[in-house]
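Examining the three-dimensional arrangement
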Amino acid sequence: MAITFDGQAGVFILRTRRSEYQMQIGRFGYLQHLYYGSPAGGSTFGYRTPPVDRSFSGNPYEAGKDRTFSLDVLLQEYPAFGSGDFRETCLRVLYQDGSSDTDLRYRSHSIRPGKQKPQGLPYVYGGEDEVETLEILLADEKTGLEVALQYAVFEDRDAITRSAVIRNASAQPARLLRALSCCLDAPDGERFDVITFYGRHAMERSEERTPVRHGKIVADSIRGASSHQQNPFVVLCDRNAGEDCGRCYGLSFVYSGNFTAGVELDQFNALRLTMGIHPEAFDWQLLPGESFTTPEVALCYSEEGLGGLSRRYHRLYRKNLCRGSWRDKRRPILVNNWEATYFRFDEDKLVEIAREASELGIEMLVMDDGWFGKRDGDTCSLGDWTVDAGKLPGGLDGLCRRINALGMKLGIWFEPEMISEDSQLYREHPDWVLRSPGRDGVRSRYQFVLDMSRGEVVDYLYSALSAVLRSANLEYVKWDMNRHLCNVWSAQLPAGRQGEVYHRYVLGVYSLLERLTAAFPDVLFEGCSGGGGRFDAGMLYYTPQIWCSDNTDAIERIKIQYGTSFCYPASTIGAHVSACPNHQTGRTVPFHTRGVVAMAGAFGYELDISKLTAEEKEEVRSQVEAFKKHHALIREGDYYRLTNPFQNSRYAAWQFVSPDRAHALLCYVLIHAQASAPVVYLYPRGLLPEARYTFELGGESQLLTGAALMQGGLPMPRIRGDYRALTVELEQVL
Ligand code: GLA
């Protein structure tokens, strides 16, 4: 049993293989958090928060003269506004009479095998043999508000997901002003660091680590998408935690819209982590009998440092979040024409790229932006998903037949959520744009955003996109989103419901994705938002890979992929070899190195193959071969970060290890060559200490035990020149 309840003590214990989560129905029925961490060996943690009288921390009325009982001081599971807890809360409800105090007490609970799918939302799924769910019902007697807290325990994956279903069981309407998904409290919080992942377009998910401090540290987005600027993933870890050691907690939001992730250290050094939909501009009407389900948060705990934490997320997301026929399959090696041609292409040009690509072993051509309407630049045609016959006289089917005849698959780009003013769709439906009444609206990349909260917009997109997908043998979709949301107002909703639009937008995107992925189960969907602007667990439920960044410079990508790897597995990270000088940075990096870096993801190319030299084409051939050889290791293997590129500007290294530990691939990039440089030692990880591994290094074949490799390290041969890379394949000798 992953979940147990001790009725006498009122204690719930959620157990995974290497973690334990405890809570207790405390005095007066308040649900209190006790503990999250390594297995506790049978003890419970009620003793950790001794009753103390704290001035200015109020006491519930029932406590009478006992001033030691205060919600402001106790550890909570789901704190509500107005209960005497002055820290960040999860819930704020505005009732009909203008009051907004909510007082939640335990009412009942149930434990059942399996996990239910939340309607319209992505989630971490699992069968009855994998996951067990605890639902704890809390209620406010006075207002009739109920909160059903959901805890799903994935025992073997060392993960727990949390969400809340908030129900208005009263006869009066109420408004939800704040409905977060999760709160995680800990006493003695000063000992922690917090890690967040900030960024910008073309430089996503930079790791930023800081000691907690009194007050709040917040990572959030009010851009309508999870954003390049902050990722909905935070880590809390011991101050001395590293890749292999220290206690680490992760909170990952399975959601793609506005979010907030807060870390608060209070006056008594208690720490509170909260995560959920951003309360800014959120105002959800809850009519009598209605309920609101928050998106879920996936929590993982690791005693084995940040690397251990990442590997738990990788396994969970590979197997229990990503779905569909491509989840466990080798993804086709693709060539995307964006950086090859931008908008300037026609059928013959695409066929030329595909022909050259097919000769080198590449398997799919992805036709990016520019194939529809009159799209010769980024000022027009979004919304008009009909082929530009000028560029593609044979239509999509004609192109597809020519590509397929070369033995190549064809993929296509869409930006479904957007609309150009210069488009047929805009001329017909100006009210389908998200825009406040009487305002012109804010343009971004010359475009507006469609009101995805409207069913008819989603229906239109479903029929337009599915007509395209049916019109030819298209086997891949790149789903882009190239601006953020402003002027968020829907012509279809009354004034009192405009605070629902941001979330309804995301629900609309999810419903379109759900319908399309169900109707085209064999099509591989790749998410994208100006690169990795919506790289989150919500999107991964629909698209098993996401274009990681518009920055294709291999040296910059080392950092971007490093940051991305903290939560997301390599199988989900779209990564391509592009031309040099690189289009974003002007940097020139050897072709081989570009391949080594792109191979730490869903591998492909983003250049005009016909312009490559004979030598480069040879290199493509051997990269394709290498990826075909190592794809399972990269997709299913354990990932180890061996260096931190934000601290080490000299070289970078990472490693994949097969689940049975018999194979490993070590990747090394010398970033900055030095004269008379010290020898670089890499310390592989995750090998079997007793096993013997063969490998080739510096042209010599060698044999060492796993222990020797891990303890003694592997001296890298001297390399001359910046940005050179080498890989070492370790194979167990049986
Ligand atoms: C975004 C994507 C790119 C490309 C362009 C096309 O920026 O991230 O990969 O598809 O749009 O306009």
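A brief look at the structure comes next. This structure is a prediction, so every number in the text was calculated from the model and none was measured. (Residues numbered from 1 in each chain as written. Predicted model: local features only at pLDDT ≥ 70, side-chain atom pairs only at ≥ 80, totals over all residues. Heavy atoms only, no water.)

**Quick notes on the overall build of the protein chain**
Scanning the protein chain from N- to C-terminus turns up 12 helices and 38 strands. Computed over C-alpha atoms, the radius of gyration of the protein chain comes to 27 Å, within 12% of the 27 Å expected from 2.2 N^0.38 for 734 residues, which places it in the range of a compact globule. With the principal axes as the frame, the protein chain shows a C-alpha extent of 85 × 70 × 45 Å. Relative to its 734 residues, the protein chain shows a buried fraction of 63%. Long-range pairs, those at least 24 residues apart, make up 68% of the contacts in the protein chain with a sequence separation of at least 6. Of the roughly 26500 Å² of accessible surface on the protein chain, 48% is carried by carbon and sulfur atoms. Here the protein chain contributes 81 positive and 94 negative side-chain charges, whose respective centroids are spaced 1 Å apart. (Helix = DSSP H or I, 4+ residues; strand = E, 2+ residues; numbered from the N terminus. Rg over C-alpha atoms; globule rule 2.2 N^0.38 Å. Buried < 20%, exposed > 50% of the residue type's maximum accessible area, 1.4 Å probe, protein only. Contact = heavy atoms within 4.5 Å. Areas by Shrake-Rupley, 256 points an atom, 1.4 Å probe, with all protein chains shown as cover. Lys, Arg positive; Asp, Glu negative; His and termini not counted. Charge placed at Lys NZ, Arg CZ, Asp CG, Glu CD.)

**Concerning a nonpolar patch on the surface**
On the surface, Val679, Tyr681 and Tyr683 cluster together to form a nonpolar patch covering roughly 290 Å² of accessible area. For Tyr681, the location among the structural elements is in strand β34 (residues 681-682). The class for Tyr681 is partly exposed, based on a relative accessible area of 40%. (Patch = residues over 30% accessible without salt bridge, like charges linked within 9 Å, V, L, I, M, F, W, Y side chains within 5 Å. Salt bridge = Lys/Arg side-chain N within 4 Å of Asp/Glu carboxyl O.)

**Describing the nonpolar core**
Among soluble globular proteins, nonpolar side chains are generally buried collectively. Residues Tyr317, Trp371, Trp385, Tyr605 and Trp654 are the most contacted members of the largest nonpolar core, which totals 201 residues. Among the elements that take part in this core, helix α7 (residues 501-519) stands out by supplying 9 residues, more than any other. Ignoring sequence-local partners within four residues, the contact set of Tyr605 consists of Ile333, Leu334, Val335, Asn336, Ile362, His576, Val577, Phe591, Val620, Gln623 and Val624. One finds Leu642, Leu687, Val728 and Leu730 within the second-largest nonpolar core, a separate group that totals 24 residues. (Core = buried A, V, L, I, M, F, W, Y, C linked by side-chain atoms within 4.5 Å.)

**Thoughts on the site of the ligand**
Surrounding the ligand, one finds 13 residues, the nearest of these being Asp368, Asp369, Lys478, Gly531 and Asp550. One of the side-chain nitrogen or oxygen atoms of Asn482 is found 3.1 Å away from an oxygen atom of the ligand. Interatomic distance of 3.4 Å between a side-chain N/O atom of Trp547 and an oxygen atom of the ligand. For the ligand, whose unbound accessible area comes to 310 Å², protein coverage reaches 96%. For the shell around the ligand, the class distribution of residues is 4 nonpolar, 3 polar and 6 charged. (Near = heavy atom within 4 Å. Polar contact = N/O pair within 3.5 Å; in protein donor to acceptor, adjacent residues only side chain to side chain. Nonpolar A, V, L, I, M, F, W, Y, C, P; charged D, E, K, R; others polar.)

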